[in-house]
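# Analysis of the macromolecular model
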Amino acid sequence: MMAGAAEQPIFTTRAHVFQIDSATKKEWVPASKTSVSVSYYYDSARNTYRIISVDGSKAIVNSTITPNMTFTKTSQKFGQWSDPRANTVYGLGFATEQELTKFIEKFKEIKELTRQAAGLKQPEVNGTDNHAPSPQPTRQTMHQRTNSLSSIQNESGSLRERRNSFTQGGTNGLPASTSTEAQLKYENDRLKLALAQSSANAKKWEVELQTLKNNNARLTAALQESTANVEEWKKQLAAYKEESVRLKKRLLDHDKGAGGDPLMVGQLTDQLERIRLENHNKQEEIKRLTSQLQEFALKDAQAASLQSRIQTLEEENHSLSLRLQDSQRQLQECRSSKEQDSRELVRLQEILGAKLSELYDTHETILSVIRRESNS
């Protein structure tokens, strides 16, 4: 039901709206994807107040405020209240703590107004006519009292049992855990699981990073050695090239000379082929070392990426630890509040038991008076 013509908004704010999961009664289900307007409406025709929130064309909150409702602040920016008529629990998440405080103050103000309005509507049921003459006891009246004596005695047995149950101060009737404590326990367990998983991942990445560091150090040493060998091989290659050029020149000179020695020409040819083969091998070795150098650079980049991921995981671990500490603190506060409520309930039970004892004694006195009157 949307706000009618007789209803006017008296306070409006923005918040994220949640509803308790009807199946588990522990988890919050978002009713809006973003923050929406949440308003207090006053119906002058019915003299009632409602909390209404609309997301698009859908009313996600329609709660009539009654004197028995209570708005509970469960965290710095979150509060909740239970609506028995809608059979659900609503939750509101605000952007700041100040907005939550204003909403709570308005809720208390409207709740007081509804209590006053309910008090004006109650009829007077305890009025008596002071001018009516008090009836005189007659024999018929005494006969009626005698007949009711047996029924009063039967009731005294149940009254005695109730008095004993309260005076014993049993604690089996203490209230169960509230939805807030259940929510905090669930959040605490979830944060512990996330922290354990994150810590395990961080350890795994640390082991892998250490392995990569060891491989990197070994490959760096091999790279330095290979670089030194490459420089030496380049010098040798240059020397071989010079020797090859010199031998070619000598070969040409011998070819031009008429009286060239064939044996020397053969030796020079063999030496030239050997130098060419060594030159080819050195070129292949240089290509292989260049490929290894590129692989080393790629592994260095992977190690830097892993280092960044480990740093991110450490930051997430720190954040989860802080959230876990806050959740444990809230859970401890909730348990302390529950224990205090339990002690207060026990104290009230003891007081009620004492009152029932007094009532029972008064009841016994009345019975004795009735018996004496009946016997007379």
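Everything below is about the structure shown above.
Computed from a predicted structure; not experimentally measured.

### Observations concerning the overall build of the chain
Counting secondary structure elements, the chain contains four helices and eight strands. For the chain, the sequential pattern of α-helices and β-strands runs β-β-β-β-β-β-β-β-α-α-α-α. Of all 376 residues assigned to the chain, the portion counted as buried reaches 27%. For the chain, contacts bridging at least 24 residues in sequence account for 66% of all contacts bridging at least 6.

### Regarding the side chain of Ser327
Inspection of the secondary structure puts Ser327 in helix α4 (residues 262–375). On the accessibility criterion, Ser327 (3% relative accessible area) is buried. Sequence-distant contacts of Ser327, defined by excluding residues within four places in its chain, comprise Leu184, Glu187, Asn188 and Leu191.

### Focus: the pattern of salt bridges
Counted under the stated rule, the structure contains ten salt bridges. The partner of Lys73 in a salt bridge is Glu97, with the nearest N and O atoms 2.8 Å apart. Remark: Glu97 occurs in helix α1 (residues 97–121) and Lys73 occurs in strand β6 (residues 71–73); sequence separation between them is 24 residues. Accessibility expressed as a relative area gives 38% for Lys73, which makes it partly exposed.

### A word on the pairing of strand β7 (residues 78–83)
Of all six residues making up β7, five are buried, and the element is well covered by its neighbours. Direction of pairing for β6 relative to β7: antiparallel, over a ladder of three bridges. The residue of β7 that forms the bridge with Thr72 is Gln80. Linking β6 to β7, which pair antiparallel, is a turn of four residues. Here β7 pairs with strand β8 (residues 88–93) via six bridges, running antiparallel. Each residue of the ladder has a partner; that of Gly79, found in β8, is Leu92.

### Some thoughts on the nonpolar core
Here is a general trend for soluble globular proteins: nonpolar side chains tend to be buried in one another's company. If you look at the biggest cluster of nonpolar residues, it comprises 21 residues, and the most contacted ones within it are Ile51, Trp81, Leu92 and Phe103. Contributions of two or more residues to this core are made by β1 (7–20), β3 (36–43), β4 (48–55), β5 (58–64), β8 and α1. By residue number, the principal contributor to this core is α1, which donates five residues. Sequence-distant contacts of Phe103, defined by excluding residues within four places in its chain, comprise Phe11, Thr13, Val38, Tyr40, Ile51, Phe71, Leu92 and Phe94.

### Section: the pairing of β8
Of all six residues that make up β8, six are buried, and the element is covered over most of its length. The side-chain alternation of β8 yields two buried faces, one formed by Thr88, Tyr90 and Leu92 and the other by Val89, Gly91 and Gly93. As paired strands, β1 and β8 are joined by four bridges and run antiparallel to one another. In the strand pairing of β8, Phe18 is matched with Gly91. Hairpin connection from β7 to β8: four residues lie between these consecutive antiparallel strands, with Asn87 at a positive phi of about 55°.

### Describing the environment of Asn229
The residue Asn229 is located in helix α3 (residues 179–256) in this model. Residues Asn229 and Glu285 lie 56 residues apart in sequence; the distance between their C-alpha atoms is 9.9 Å.

### Thoughts on the environment of Gln236
Looking at where Gln236 falls in the secondary structure, it is placed in helix α3. Of the residues examined, Gln236 reaches a relative accessible area of 26% and is grouped as partly exposed. In this structure the C-alpha to C-alpha distance between Gln236 and Asn279, which are 43 residues apart in sequence, comes to 9.0 Å.

### Comments concerning the packing of aromatic side chains
Under the criterion given, the structure shown has ten aromatic pairs. Centroid distance Phe94 to Phe103: 5.5 Å. Interplanar angle 50°. Geometry classified as tilted. Here the two residues Phe94 and Phe103 agree in accessibility, since each one is buried. Counting every residue linked through ring pairs, the aromatic cluster contains Phe11, Tyr40, Phe71, Trp81, Tyr90, Phe94, Phe103 and Phe107.

### A word on unusual backbone geometry
One can expect most non-glycine residues to show negative phi and most peptide bonds to be in trans. Positive phi values are uncommon outside glycine, yet Lys25 reaches one of about 60°. Tracing the backbone through its elements, the reader meets Lys25 in the loop between β1 and β2 (28–30). The backbone of Asn47 sits at a positive phi, close to 60°, despite the residue not being glycine. Relative to the elements of secondary structure, Asn47 occurs in the loop between β3 and β4.

### Details of the environment of Tyr41
Structurally, Tyr41 is set in strand β3. For Tyr41 and Pro9, which are 32 residues apart along the polypeptide, the C-alpha to C-alpha distance reads 4.4 Å.

### A short note on the side chain of Asp21
Tracing the backbone through its elements, the reader meets Asp21 in the loop between β1 and β2. For the buried residue Asp21, which engages in no salt bridge, the nearest side chain bearing the opposite charge is Lys25, 7.9 Å off. A polar contact is formed between the side chain of Asp21 and the side chain of Thr24, at a distance of 3.5 Å. When near neighbours in sequence (up to four residues on either side) are disregarded, Asp21 contacts Glu27 and Val29.

Calculation notes
- Residues numbered from 1 in each chain as written.
- Predicted model: local features only at pLDDT ≥ 70, side-chain atom pairs only at ≥ 80, totals over all residues.
- Heavy atoms only, no water.
- Helix = DSSP H or I, 4+ residues; strand = E, 2+ residues; numbered from the N terminus.
- Buried < 20%, exposed > 50% of the residue type's maximum accessible area, 1.4 Å probe, protein only.
- Contact = heavy atoms within 4.5 Å.
- Salt bridge = Lys/Arg side-chain N within 4 Å of Asp/Glu carboxyl O.
- Pairing = 2+ DSSP bridges.
- Core = buried A, V, L, I, M, F, W, Y, C linked by side-chain atoms within 4.5 Å.
- Phe/Tyr/Trp six-rings, centres within 6.5 Å; stacked < 30°, edge-to-face > 60°.
- Lys, Arg positive; Asp, Glu negative; His and termini not counted.
- Polar contact = N/O pair within 3.5 Å; in protein donor to acceptor, adjacent residues only side chain to side chain.

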